[in-house]
Amino acid sequence: MMQLTAAEKTFRDEVRGYIHANLPADIKHKVMNDLHLKKGDHVRWQNILREGGYFGGGWPSEHGGADWSPVQQYLFEQENALAGGPFIIPYGVNMVGPVIYTFGTQAQKDTYLKDILDNRTWWCQGYSEPNAGSDLASLKCSAVRDGDHYVINGTKMWTTQAHYAEMMHLLVRTDDSGRRQQGITFLLLDMNTPGITISPITTIDGLHHTNQTFFDEVRVPVKNRVGEEGDGWKIAKFLLANERTAIADTGSKSRAVASMTRLLQQADHLDAGARFHFSERLARIDFRLTALIALEQRLITQWQAGSQGAHEASVLKVKATELQQDISILFSDLYGPYKAAYNVDRVNKGEFMEAATVADAASGAGHLYLYGRCASIYGGSNQVQRNIIAKSMLAQ
Ligand SMILES: Cc1cc2nc3c(=O)[nH]c(=O)nc-3n(C[C@H](O)[C@H](O)[C@H](O)COP(=O)(O)OP(=O)(O)OC[C@H]3O[C@@H](n4cnc5c(N)ncnc54)[C@H](O)[C@@H]3O)c2cc1C
């Protein structure tokens, strides 16, 4: 397990104290019960973290961050999840922010960075297309130069939170002639530009998280290009590597195991045989979680020391999402017949359920189960992660 220094322990205790003192009860209630969080919930919590100096802590101090190490970043993510704080929405602070301070022009840094840290500008990510997901390099959404603008035509698929976003960071094709990866460019797009249509996609949980976005002659100033024309692939790879400390998200899994343990102790709809059966399944989940946390902590310690294998983040992603899905199956099985009472309206409104019935609580578990299906797809599907692991390990 990770051996924390005295300074890291102090940091962890300070984060824990701040979160416990400042997390609003209504937001915590939604997280603890797996209800749907809206943009306003995320903005409110991220602003509270910002006030305490705990938002964007991994950014360099010259850009408004706190120079956190990977271990500090991890400790923050753990404490936030264990306390019932919402997952930090990554598109601005963990994705495009580091891209802008690493590759952006001074004007881009001045225009965007502070607004990301202050949660004034909400971002979404336009990478995937209907025929370019796993094979992202085959993307076709085109940007043609016209004076000091690019003109975008095409579509992006699965643009999560596009309906909330003021800005999108996207990959476009600026050249069709050479190697596919070389003709891709990274742009920053104002979502209020004429010609953008956002078409909602309702996922299997009955809720609106994601969209298909269409572009019809959308004009983006050339000054919104990050890096040179054709640098998009390199920048995209940098961006995806930045999410590694949060990838296993073991804090939320520990929280779920604790909830299931409580539920098992209290559930009077289960007889002795069922309790025994569920206790055994829960113990197996708990063993796997312990192993995952050990792996996560070993890798983060190695990363902090500057060593990273090509397949390590992929191993974490596969193991973590498989565990997440198995947790959600056990959670909803624990509710027995009540799981059939999935109530999308209650999950969506996220109302305070002061006198929650078992059916209300089962709806949260149903949400975790249904929306959790996509965890093995987004961020690179688990099959594709296995290919990365095989290529890296068999090449040795
Ligand atoms: C809920 C949700 C939110 C998302 N949010 C965003 C977002 O905000 N922005 C964004 O850009 N994208 C987003 N995505 C897109 C996500 O990154 C892609 O769905 C993912 O990369 C898979 O691509 P695909 O859906 O096109 O499936 P495909 O690539 O068509 O794959 C279909 C199936 O074939 C398998 N497969 C494909 N290639 C191989 C191979 N070489 N070997 C073995 N198996 C293979 C896959 O594993 C999968 O099971 C989101 C997706 C979901 C589901």
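Asks: Before we move on, can you summarise the overall build of the chain with the specific residues and values?
Replies: Within the chain, the regular secondary structure consists of 13 helices and eight strands. Its C-alpha atoms give the chain a radius of gyration of 22 Å, near enough to 21 Å, the size a compact globule of 396 residues would have. Every one of the 396 residues in the chain was classed for burial, and the buried ones make up 37%.

Asks: So what's going on with the site of the ligand? Which residues, and what values?
Replies: Around the ligand lies a shell of 19 residues, among which Tyr127, Gly133, Ser134, Trp158 and Ser381 are the nearest. In terms of residues, the shell around the ligand owes the most to one element, helix α13 (residues 382-394), which gives three residues. When the residues that make up the shell around the ligand are grouped by side-chain class, the tally is six nonpolar, 13 polar and no charged. Split by domain, the shell around the ligand shows at least three residues from each of two domains, domain 2 (123-240) and domain 3 (249-394).

Asks: Any chance you could break down unusual backbone geometry for me, citing the residues and the numbers?
Replies: Phi at Asp67 is positive, roughly 55°, even though this residue is not glycine. Mapped onto the elements, Asp67 comes out in the loop between α3 (39-52) and α4 (70-83). Note on Asp67: 11 C-beta atoms within 10 Å, which makes it exposed. Non-glycine residue Glu217 carries a positive phi angle of around 55°. Its place among the elements puts Glu217 in strand β7 (residues 208-221).

Asks: Quick one: what's the story with helix α9 (residues 272-304), residue by residue and with numbers?
Replies: Over its 33 residues, α9 runs 47 Å from end to end, which matches the ideal 48 Å to within 8%, given 1.5 Å per residue. Looking at the buried positions of α9, the neighbouring elements they touch are α4, α8 (250-266) and α10 (312-334). Phi turns positive, to about 95°, at Gly306, one or two residues after α9.

Asks: I'd like to hear about the pairing of strand β3 (residues 149-157), residue by residue, with values.
Replies: Only one face of β3 is buried, namely the one carrying Tyr150, Ile152, Gly154 and Lys156, since none of His149, Val151, Asn153, Thr155 and Met157 on the opposite face is buried. Across five bridges, strand β2 (residues 142-146) lies against β3 in antiparallel orientation. Within β3, the residue paired with Ser142 across the bridge is Asn153. The antiparallel hairpin formed by β2 and β3 contains two residues in its connecting segment, where Gly147 sits at a positive phi of about 65°.

Asks: How would you explain the domain arrangement of the chain if you had to name every residue and give the values?
Replies: Each assigned domain of the chain is listed here: domain 1 (6-87), domain 2 (123-240) and domain 3 (249-394). Once you take the C-alpha centre of each, domain 1 and domain 3 turn out to be 21 Å apart. Taken residue by residue, the interface counts 17 residues in domain 1 and 18 residues in domain 3. Elements represented by at least two residues in the side of domain 1 that touches domain 3 include exactly α2 (25-32) and α4. Residues that form the side of domain 1 that touches domain 3 fall into these classes: six nonpolar, seven polar and four charged.

Asks: Got a sec to walk through the environment of Gln304? Specific residues and values, please.
Replies: Mapped onto the secondary structure, Gln304 falls in helix α9. Given 16 C-beta atoms within 10 Å, Gln304 falls into the partly exposed group. In sequence terms Gln304 and Pro70 are 234 residues apart; their C-alpha atoms lie 5.8 Å from each other. For Gln304, the residues in contact, after removing those within four places along its chain, are Ser69, Pro70 and Val71.

Asks: Tell me about the environment of Gly379, and name the residues and values.
Replies: Mapped onto the elements of the fold, Gly379 is located in the loop between α12 (358-371) and α13. A sequence separation of 136 residues divides Gly379 from Glu243, and the C-alpha atoms of the two residues are 9.8 Å apart.

Asks: Describe in detail helix α6 (residues 106-117), supporting the description with residues and values.
Replies: Helix length check: α6, at 12 residues, gives a terminal C-alpha distance of 17 Å against a target of 16 Å (1.5 Å per residue), a fit within 8%. Every buried residue of α6 is accounted for by Tyr112, Leu113, Ile116 and Leu117. What you see down the axis of α6 is that its buried residues fit within an arc of 125°, all on one side. Seen from the open side of α6, the exposed residues pointing more than 90 degrees away from its buried face are Ala107 and Asp110.

Asks: Talk me through the packing of helix α5 (residues 90-103) against α6; I want residue IDs and the actual numbers.
Replies: Between α5 and α6, the least distance of the axes is 10 Å, while the angle of their chain directions is 160°. In this view, α5 runs roughly antiparallel relative to α6, as classed from their interaxial angle. Where α5 crosses over α6, the handedness of that crossing is left-handed. Contact residues: Gly92, Val93, Gly97, Ile100 and Tyr101 in α5; Gln108, Lys109, Tyr112, Leu113 and Ile116 in α6. Considering only residue class, the contact of α5 with α6 consists of six nonpolar, three polar and one charged.

Asks: Tell me what's going on with the packing of α10 against α12, and back it up with residues and numbers.
Replies: Their axes nearest at 8 Å, the elements α10 and α12 cross at an angle of 150°. When the axes of α10 and α12 are compared, the pair comes out roughly antiparallel. The chirality of how α10 crosses α12 is left-handed. Between α10 and α12, the residues in contact are Ser328, Ile329, Phe331 and Ser332 and Ala365, Gly366, Leu368 and Tyr369, respectively. Residues that form the contact of α10 with α12 fall into these classes: five nonpolar, three polar and no charged.

Asks: Could you give an account of the nonpolar core, naming the residues involved and the relevant values?
Replies: Trp123, Ile152, Met168, Leu171, Leu187 and Phe331 are the most contacted members of the largest nonpolar core, which has 76 residues in total. Element by element, the count of residues in this core is highest for α10, at 10 residues. Excluding residues that lie within four positions of it along the chain, Leu171 makes contacts with Gly126, Tyr127, Leu139, Ile184, Phe186, Gly232 and Ala236.

Asks: Please give an account of the environment of Asn80 that cites residues and values.
Replies: For Asn80, the location among the structural elements is in helix α4. C-alpha of Asn80 to C-alpha of Ser252: the two residues are 172 residues apart in sequence and 8.9 Å apart in space. Excluding residues within four positions of it along the chain, Asn80 makes contact with Ile19, Gly85 and Gly251.

Procedures and definitions
- Residues numbered from 1 in each chain as written.
- Predicted model: local features only at pLDDT ≥ 70, side-chain atom pairs only at ≥ 80, totals over all residues.
- Helix = DSSP H or I, 4+ residues; strand = E, 2+ residues; numbered from the N terminus.
- Rg over C-alpha atoms; globule rule 2.2 N^0.38 Å.
- Buried ≥ 20, exposed ≤ 12 C-beta atoms within 10 Å, placed from the backbone.
- Near = placed C-beta within 6 Å.
- Nonpolar A, V, L, I, M, F, W, Y, C, P; charged D, E, K, R; others polar.
- Domains from an automatic or database assignment.
- Expected span 1.5 Å × (residues − 1).
- Contact = placed C-beta atoms within 7 Å.
- Pairing = 2+ DSSP bridges.
- Arc of directions from axis to C-beta.
- Axes fitted to C-alpha atoms, helices over the stretch in contact; angles between N-to-C directions.
- Parallel < 35°, antiparallel > 145°, perpendicular 65-115°, else oblique.
- Left-handed = near helix turned anticlockwise from the far one by under 90°.
- Core = buried A, V, L, I, M, F, W, Y, C linked by C-beta atoms within 7 Å.

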